[in-house]
Amino acid sequence: MEFDGEDVLVLVGEPDGEGGEVGRIPRGEVSIRPVDDPSRIFTVGQEIEAEEIGCWQGQLRLSARACENPALRAFLVAVQPGQIVSGTVSSVHDFGVFVHLDGEPVGLCTGFVRGPELTWLHIDHPSEAAEAGQRVTGEVLMSETRYGQVSISLKALLDDPFVPFAEQEGHVLSGTVTKILPFGAFVRVAPGIEGLLHLSEMSDSVPGSPDRLVAVGDRIAVRVAEVDLQRHRVRLCAPAS
């Protein structure tokens, strides 16, 4: 082992063996903890474990941080995509939810659910779908040894409400205005399903703003013009006169 600036060079395999290969551990892969100088973590001649993460410009790239905590690594390696896991919500943030997964090493929080993976339904904030202390069950999307995290999806175990709602395409429904934007209004046409009513569909004239025609909470009649199952979007239009 030797240092190359902020990176660490290591000999992969037995020191006295033939065919050894030199690998590079970039500074960001030295440790889970912030590191200013890799010599504070490693010493020349030290034997370490590292995970292969790729090859760049013909040189093997390794991650020591992926092997830094043996208990954590053993847990993460055992968790596979598609596996069903359960846990307790630790905290809720704007970008998603952290979850204490059952069986993870004590003192760590390995589970994470991105906002879009919480539910099929429309929500403005993850707190609408989860709260601290709540028990949740989801499907593993990815287990990341380098970041000590298991990405999971709760909605993968839920029925997609847009599939049965697609049968409403072409029908006239009564909905509630939930949000007004400069280009139109969102209308809730079924539990958890909102569609966009464009400004051009709201009046034959050209008003300056949709809020001159509707207000949040108004009940209005709309026709379901299109249900995009791939993007989970509903386009609304005015009922035929």
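Everything that follows concerns the structure shown earlier in this document.
Predicted model, so just to flag it, every value in this text is computed and none were measured.

J.: Sorry, what's going on with the packing of aromatic side chains here?
T.: Counting across every chain of the model gives three aromatic pairs. Here F98 and F112 contribute two aromatic rings whose centre-to-centre distance is 4.9 Å and whose plane-to-plane angle is 45°, an arrangement assigned as tilted. With F98 in strand β7 (residues 96-101) and F112 in strand β8 (residues 111-114), the pair connects residues that are 14 residues apart, well separated along the chain. Pairwise contacts between aromatic rings join F95, F98 and F112 into one cluster. The ring of W120 has K155 sitting right over it, with the charged end atom 4.4 Å from the ring centre.

J.: What is the right way to look at the sheet that holds strand β4 (residues 51-56) in this model?
T.: Each strand in a sheet pairs with another by means of backbone hydrogen bonds, the pair being arranged parallel or else antiparallel. Spatial ordering of the open sheet is given by β1-β2-β3-β5-β4, a layout of five strands whose pairing is mixed. Here the strands that pair on one side only, and so sit at the sheet edges, are β1 (2-4) and β4. Adjacent strand axes in the sheet meet at a mean angle of 40° when their direction is disregarded. The pairing of strand β2 (residues 7-12) with strand β3 (residues 21-25) spans five bridges and is antiparallel. The residue bridging V8 from the neighbouring strand is I25, located in β3.

J.: When you look at helix α1 (residues 70-78) in this model, what are you seeing that I'm missing?
T.: It helps to recall that an α-helix has 3.6 residues per turn; residues three or four apart then point in one direction. Listing the buried residues of α1 in full gives L72, F75 and L76. Down the axis of α1, the buried side of the element spans an arc of 95°, and every buried residue falls inside it. Opposite the buried face of α1, by more than 90 degrees, sit the exposed residues P70 and A78. Backbone nitrogen of A71 and a side-chain oxygen of the N-cap are separated by 3.2 Å at the start of α1; the cap is N69.

Parameters at a glance
Residues numbered from 1 in each chain as written. Predicted model: local features only at pLDDT ≥ 70, side-chain atom pairs only at ≥ 80, totals over all residues. Heavy atoms only, no water. Phe/Tyr/Trp six-rings, centres within 6.5 Å; stacked < 30°, edge-to-face > 60°. Helix = DSSP H or I, 4+ residues; strand = E, 2+ residues; numbered from the N terminus. Lys NZ or Arg CZ within 6 Å of the ring centre and 35° of its normal. Pairing = 2+ DSSP bridges. Axes fitted to C-alpha atoms, helices over the stretch in contact; angles between N-to-C directions. Buried < 20%, exposed > 50% of the residue type's maximum accessible area, 1.4 Å probe, protein only. Arc of directions from axis to C-beta. Polar contact = N/O pair within 3.5 Å; in protein donor to acceptor, adjacent residues only side chain to side chain.

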